[in-house]
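The residues making up each chain are set out below.
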Amino acid sequence: MQIVGELMTRDVVTLKETQNLGKADELLRLHRIRHLPVVRHDKLVGLITHRDLLRAAATHATDPAAQPLWAADIMTRDVQTVRPDTPLRRAVTLMLDHKYGCLPVVDAAGTLHGILTEADLVRYAQHLINEQDRRELAAEFNA
């Protein structure tokens, strides 16, 4: 049985809740990602997506007196998470049922250990397809 910890991205780009949205935008662009876990002392406290940034920028642009926005101002606080030992089947079902683009991976104390993204699952699908192709080629060669 595959578990989340085997597929998750371990080197997670994060944002502190006290950092501004300019930094969030910079990190998303620089690392070519769409999800930023927001942390306080390595504990997950929220999540910012590329879509959240676009929405905040559009709203902020219409108010000339608006103050700079911080991660804590726009982050989603009640984030669905999984543990590293969560069966992959369960994580995929959660993502499909709720249309999540990612699932942060935390331990029982809420410490962030990784993130499972749609890109991780596509890479895994590519691996499975390649394995299937190899088996089919081997079967043809041995026939």
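All of these numbers come straight from a predicted model, not from anything done at the bench. One numbering rule holds for all chains: residues counted from 1, following each sequence as written. Only residues with pLDDT of 70 or above have their local features reported here, since the model is predicted, and side-chain atom pairs are shown and tallied only from 80 upward, although totals for entire chains, interfaces and linings are computed over all residues. The basis for the side-chain values is all heavy atoms of the structure; hydrogens and waters are excluded.

## Points about the overall build of the chain
At step 1: Numbering of helices and strands runs from the N terminus; a helix is a DSSP stretch of H or I covering at least four residues, while a strand is a stretch of E covering at least two. Secondary structure assignment for the chain yields 6 helices and 5 strands.
At step 2: Taken from N to C terminus, the helices and strands of the chain fall in the order α-β-α-β-β-α-α-α-β-β-α.
At step 3: Restricting the calculation to C-alpha atoms gives the radius of gyration, and the globule rule supplies 2.2 Å times the number of residues raised to the power 0.38. At 19 Å, the chain has a C-alpha radius of gyration far larger than the 15 Å of a compact globule built from 143 residues.
At step 4: Each of the three principal axes of the chain carries a C-alpha extent, and together these read 75 × 35 × 25 Å.
At step 5: Between buried and exposed lies partly exposed: a residue is buried under 20% and exposed over 50% of the maximum accessible area for its type, with that area taken using a 1.4 Å probe on protein chains only. Each of the 143 residues in the chain was classed as buried or not, and the buried ones make up 36%.

## A few points about the UniProt feature "domain: CBS" (unreviewed entry) in the chain
At step 1: UniProt's entry tags residues 8-64 and 75-134 with the feature "domain: CBS" (unreviewed entry), counted in the numbering of this structure.
At step 2: Helix makes up 47% of residues 75-134 and strand 18%, with an end-to-end C-alpha separation of 44 Å. UniProt positions are given in the numbering used here, feature names are shortened, and annotations may be inferred rather than shown by experiment.

## Describing the sheet that holds strand E1 (residues 15-16)
At step 1: Spatial ordering of the open sheet is given by E1-E2-E3, a layout of 3 strands whose pairing is mixed. Here the strands that pair on one side only, and so sit at the sheet edges, are E1 and strand E3 (43-49).
At step 2: Strand contacts of helix H2 (residues 21-31): E1, strand E2 (35-40) and E3, with the helix running at about 130° to E2, the strand carrying the most contacts. Paired strands, as defined in this entry, are two strands with at least two bridges between them according to DSSP. Two residues form a contact once any of their heavy atoms are found within 4.5 Å. An axis is simply a line fitted to the C-alpha atoms; with a helix, the fit covers only the stretch in contact. Between two such axes, the angle follows the N-to-C directions and lies from 0 to 180 degrees.

## Section: the pattern of salt bridges
At step 1: Should a side-chain nitrogen of Lys or Arg be within 4 Å of a carboxyl oxygen of Asp or Glu, the pair is scored as a salt bridge. In total, this model carries 7 salt bridges according to the counting rule given.
At step 2: Its salt-bridge partner being Asp-25, residue Arg-29 comes within 2.9 Å of it at the nearest N-O pair. In this pair, Arg-29 and Asp-25 are both assigned in helix H2, 4 residues apart and thus about one turn of the helix distant.

## Some points on the nonpolar core
At step 1: The biggest cluster of nonpolar side chains holds 15 residues, and the ones touching the most others in it are Leu-15, Leu-21, Leu-36, Val-38, Ile-48, Leu-53 and Ile-74.
At step 2: Apart from residues no more than four positions distant in its own chain, Leu-53 is found in contact with Leu-21, Ala-24, Asp-25, Leu-28, Ile-48 and Ile-74. Side-chain atoms within 4.5 Å are what join buried Ala, Val, Leu, Ile, Met, Phe, Trp, Tyr and Cys residues into a set we call a nonpolar core.

## Quick notes on unusual backbone geometry
At step 1: Here Arg-32, not a glycine, exhibits a phi torsion of approximately 55°, which is positive.
At step 2: With respect to the helices, strands and loops of the structure, Arg-32 is situated in the loop between H2 and E2.
At step 3: Under the relative-accessibility criterion, Arg-32 is labelled exposed at 77%.
At step 4: Phi is positive for His-41, close to 55°, though the residue is something other than glycine.
At step 5: Within the secondary structure, His-41 is located in the loop between E2 and E3.
At step 6: Owing to a relative accessible area of 73%, His-41 belongs among the exposed residues under this scheme.

## Here's the deal with the packing of helix H5 (residues 88-98) against helix H6 (residues 118-142)
At step 1: The N-to-C vectors of H5 and H6 enclose an angle of 125°; their axes lie 12 Å apart at closest approach. The angle between the axes of H5 and H6 places the two elements in the oblique class. The way H5 lies across H6 gives a crossing that is left-handed. Residue-level contacts link Leu-88, Val-92 and Met-95 of H5 to Glu-118, Leu-121 and Tyr-124 of H6.
At step 2: Looking at the contact of H5 with H6 residue by residue, the class counts come to 5 nonpolar, no polar and 1 charged. Oblique is the label for any angle not under 35 degrees, not over 145, and not in the 65 to 115 range, which are roughly parallel, roughly antiparallel and roughly perpendicular in turn. Crossing handedness follows the turn of the near helix against the far one: under a right angle anticlockwise gives a left-handed crossing, and clockwise gives a right-handed one. Polar here means any residue outside two lists: the nonpolar Ala, Val, Leu, Ile, Met, Phe, Trp, Tyr, Cys and Pro, and the charged Asp, Glu, Lys and Arg; Gly therefore counts as polar.

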